[in-house]
Protein chains: 2
Amino acid sequence: MRLSTKGRYAVMALVDLASKSKDKPIALADIATRQEISLSYLEQLFAKLRRGGVVRSVRGPGGGYMLAMPPTQLRIADVIMAVDEPIRATRCSPGSPQGCMNNKVRCITHDLWEELGNQIYLYLSSVTIEDVITGRVLGTSGLVHRQTQSERLAAQ
Amino acid sequence: MRLSTKGRYAVMALVDLASKSKDKPIALADIATRQEISLSYLEQLFAKLRRGGVVRSVRGPGGGYMLAMPPTQLRIADVIMAVDEPIRATRCSPGSPQGCMNNKVRCITHDLWEELGNQIYLYLSSVTIEDVITGRVLGTSGLVHRQTQSERLAAQ
DNA sequence: TAAAATCCGACTATTCTGATTGGTTTTCTT
DNA sequence: AAGAAAACCAATCAGAATAGTCGGATTTTA
């Protein structure tokens, strides 16, 4: 699971699309204006979203894009994965299973990034486009230090 | 909380440092060789780590770097925050409180990225350098879909 | 047929990363 | 005191990724 501004732009655009669409396609030009994203850049993002099965397109005048599924079923994680290239091969990073071989031995931080990737994926697949629109996004977390892994294990 | 390869290199280097150090400083040249990171790049990272209070330095022959605190108390989140520039001002992103003002109104995805940032921070501050060394990193998560926020709220 | 829109490929400017170079300072060892 | 080992420092650079631009081609509606 890779995080980048590209994914954030895609989510912004889809939230805009979902909140404006009522069974009729929305033109990218409208989204570009409202969200202040360049039209051509949006076209590139939506090409990926279409190939990833996130949106459907209607060509010709009056055309545009629609969500391929109801916003209650479209998870943010699906959006991110559709637009972000899956891996980058530079050393160990969340989502690069092989890139961290250092003298044939898996680098010592591999499991950490792997698990971080899981945590991010879990959170982003617990939030749908609809959740973002209706503001059901905040967890109970807050910004406090938690138990460390050692402390958690020691407490058992 | 920004995630980048810079932070991952820093964690790799600090894990190496902590696992080799026994109260004596370790030269960056040694870490550079073992972890296959360029010495000069490591110098830049450790300059930030020192300014951030993560490591202490000893100059002169036989010198090097030591952790500023025991590895059981050094959280991964502290390392990442020391080396990664805090914000990037382009639009709404986790950790940019102000950058997403679109016509004076907070962008609709703001809370999502904010909460994602919290989730990442929470996980990375639940893991210490010592945890990474001893492999206490894996959660109970696994790669499954969770309840969506709506489903969770509806179940109450 | 004209216009609206998606679709497509190539190109550009900017930023970030990781690395390089060429030093300087400090401090230990001899 | 001399030499060397190391941290320190600043400027620069090549490559990749990001964000955007341009000029069209294709589809479809009106």
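What counts and what doesn't
Residues numbered from 1 in each chain as written. Chains lettered and ligands numbered in written order. Predicted model: local features only at pLDDT ≥ 70, side-chain atom pairs only at ≥ 80, totals over all residues. Heavy atoms only, no water. Helix = DSSP H or I, 4+ residues; strand = E, 2+ residues; numbered from the N terminus. Buried < 20%, exposed > 50% of the residue type's maximum accessible area, 1.4 Å probe, protein only. Contact = heavy atoms within 4.5 Å. Areas by Shrake-Rupley, 256 points an atom, 1.4 Å probe, with all protein chains shown as cover. Core = buried A, V, L, I, M, F, W, Y, C linked by side-chain atoms within 4.5 Å. Near = heavy atom within 4 Å. Polar contact = N/O pair within 3.5 Å; in protein donor to acceptor, adjacent residues only side chain to side chain. Nonpolar A, V, L, I, M, F, W, Y, C, P; charged D, E, K, R; others polar. Arc of directions from axis to C-beta. Pairing = 2+ DSSP bridges. Phe/Tyr/Trp six-rings, centres within 6.5 Å; stacked < 30°, edge-to-face > 60°. Salt bridge = Lys/Arg side-chain N within 4 Å of Asp/Glu carboxyl O. Axes fitted to C-alpha atoms, helices over the stretch in contact; angles between N-to-C directions. Parallel < 35°, antiparallel > 145°, perpendicular 65-115°, else oblique. Left-handed = near helix turned anticlockwise from the far one by under 90°.

K.L.:
Just checking my understanding: could you explain the overall build of chain A for this structure?
P.N.:
A count of helices and strands for chain A gives 7 helices and 4 strands. Within chain A, the fraction of its 156 residues that count as buried is 48%. Here the contacts in chain A between residues at least 6 apart in sequence split such that 62% fall between residues at least 24 apart. Carbon and sulfur atoms provide 51% of the accessible area of chain A, an area that totals close to 7,800 Å².

K.L.:
What should I look at first to understand the nonpolar core in this one?
P.N.:
General note: in soluble globular proteins, nonpolar side chains tend to be found buried as a group. Ranked by size, the top nonpolar core spans 79 residues in total, and within it L14(A), F46(A), L14(B) and F46(B) carry the most contacts. If sequence neighbours within four positions are ignored, F46(B) has contacts with A13(B), L14(B), L17(B), L28(B), I31(B), V55(B) and Y65(B).

K.L.:
For this particular structure, what's the right way to read the protein's contact with DNA strand D?
P.N.:
Looking at DNA strand D, there are 27 residues lining it, with T5(A), S40(A), P61(A), S57(B) and Y65(B) nearest. At 2.9 Å, a side-chain N or O of Q44(A) approaches a base oxygen of DNA strand D. Interatomic distance of 3.3 Å between a side-chain N/O atom of R59(B) and a base nitrogen of DNA strand D. When contributions to the surface near DNA strand D are tallied by element, the ones reaching two or more residues are helix 1 (5-20) and helix 3 (39-51) of chain A together with helix 3 (39-51), strand 1 (55-58) and strand 2 (64-67) of chain B. Taken together, the residues of the surface near DNA strand D break down into 9 nonpolar, 12 polar and 6 charged.

K.L.:
Please explain the side chain of D16(B) as it appears in this structure.
P.N.:
All names here are of chain B. Among the structural elements, D16 can be located in helix 1 (residues 5-20). Within the local environment of D16, its side chain forms a polar contact with the side chain of R34, the two groups lying 2.8 Å apart. Beyond its immediate sequence surroundings of up to four residues, D16 is in contact with I31, R34 and Q35.

K.L.:
Explain the protein's contact with DNA strand C to me, please; I cannot follow it from the model alone.
P.N.:
The environment of DNA strand C is made up of 26 residues, and the closest members are L28(A), S57(A), Y65(A), T5(B) and S40(B). Close to the protein, within 4 Å, the atoms of DNA strand C belong to sugar or phosphate groups at a rate of 66%. In this structure, a base oxygen belonging to DNA strand C sits 3.1 Å away from a side-chain N or O atom of Q44(B). Sorting the residues of the surface near DNA strand C by element identifies helix 3, strand 1 (55-58) and strand 2 (64-67) of chain A together with helix 1 and helix 3 of chain B as the ones contributing at least two each.

K.L.:
Mind showing me how you'd approach helix 2 (residues 28-35) of chain B here?
P.N.:
Since the α-helix packs 3.6 residues into each turn, any two residues three or four apart lie on the same face. Residue and element names in this part refer to chain B. The set of residues buried in helix 2 consists of L28, I31, A32 and Q35. Buried residues of helix 2 fall within an arc of 100° about the axis and therefore sit on the same side. Among the residues trailing helix 2, E36 stands out with phi positive, at a value near 55°.

K.L.:
Can you help me understand the environment of V55(B) in this one?
P.N.:
Residues and elements named next belong to chain B. One can find V55 in strand 1. Separated by 14 residues in the primary sequence, V55 and Y41 have C-alpha atoms spaced 16 Å apart. If near-sequence neighbours (up to four positions away) are discounted, V55 is found in contact with L14, L17, F46, L49, R50, Y65, M66, L67 and A68.

K.L.:
Could you clarify how one ought to interpret the pairing of strand 1 of chain A in this entry?
P.N.:
Note on strand geometry: in a regular strand, side chains alternate between the two faces of the sheet. All names here are of chain A. Examined bridge by bridge, strand 1 and strand 2 share 4 bridges and lie antiparallel to one another. In the sheet register, S57 faces strand 2, and the bridge partner there is Y65. The antiparallel pairing of strand 1 with strand 2 creates a hairpin that spans 5 residues between the two strands, and G60 there sits at a positive phi of about 85°.

K.L.:
Before we go on, may I ask you to explain the environment of R152(A) in this structure?
P.N.:
Positionally, R152(A) belongs in helix 7 (residues 149-154). Separated by 74 residues in sequence, R152(A) and D78(A) place their C-alpha atoms 32 Å apart. Every residue in contact with R152(A), bar those within four places of it in the chain, is listed here: Q147(A) and L138(B).

K.L.:
Can you walk me through the packing of aromatic side chains in this structure?
P.N.:
For any pair of aromatic rings, the description consists of the separation of the ring centres together with the inter-plane angle of the planes. Residues and elements named next belong to chain A. According to the stated counting rule, one finds 4 aromatic pairs over all chains in the structure shown. With a centroid separation of 4.8 Å and 50° between ring planes, the pair formed by F46 and Y65 is classed as tilted. Taken together, the residues span a long stretch of sequence, with F46 in helix 3 and Y65 in strand 2 at a distance of 19 residues. For the pair shown, F46 and Y65 are each scored as buried.

K.L.:
It is not clear to me how the pattern of salt bridges should be interpreted in this structure. Could you clarify?
P.N.:
Between side chains of opposite charge, a pair can form when the charged atoms approach closely. Residues and elements named next belong to chain A. One pass over the structure, following the stated rule, counts 2 salt bridges over all chains. Put simply, D16 and R34 hold a salt bridge, and the shortest N to O gap is 2.8 Å. With a gap of 18 residues between them, D16 in helix 1 and R34 in helix 2 (residues 28-35) connect regions that are remote in the sequence. Among the residues examined, R34 registers a relative accessible area of 31% and is labelled partly exposed.

K.L.:
Honestly, unusual backbone geometry in this entry has me stumped. Any pointers?
P.N.:
Backbone geometry at E36(A) places phi at a positive 55°, although glycine is not the residue there. Looking at the element boundaries, E36(A) is found in the loop between helix 2 and helix 3.

K.L.:
Teacher, can you tell me more about the packing of helix 2 of chain B against helix 3 of chain B here?
P.N.:
Residues and elements named next belong to chain B. The geometry of helix 2 relative to helix 3 is characterised by a closest axis approach of 9 Å and an angle of 120° between their N-to-C directions. The angle between helix 2 and helix 3 places the two elements in the oblique class. Our pair here, helix 2 against helix 3, has a crossing hand that is right-handed. Here helix 2 contributes L28, A29, I31 and A32 to the contact with helix 3, which in turn contributes L39, L42, E43 and F46. Of the residues assigned to the contact of helix 2 with helix 3, the class counts are 7 nonpolar, no polar and 1 charged.

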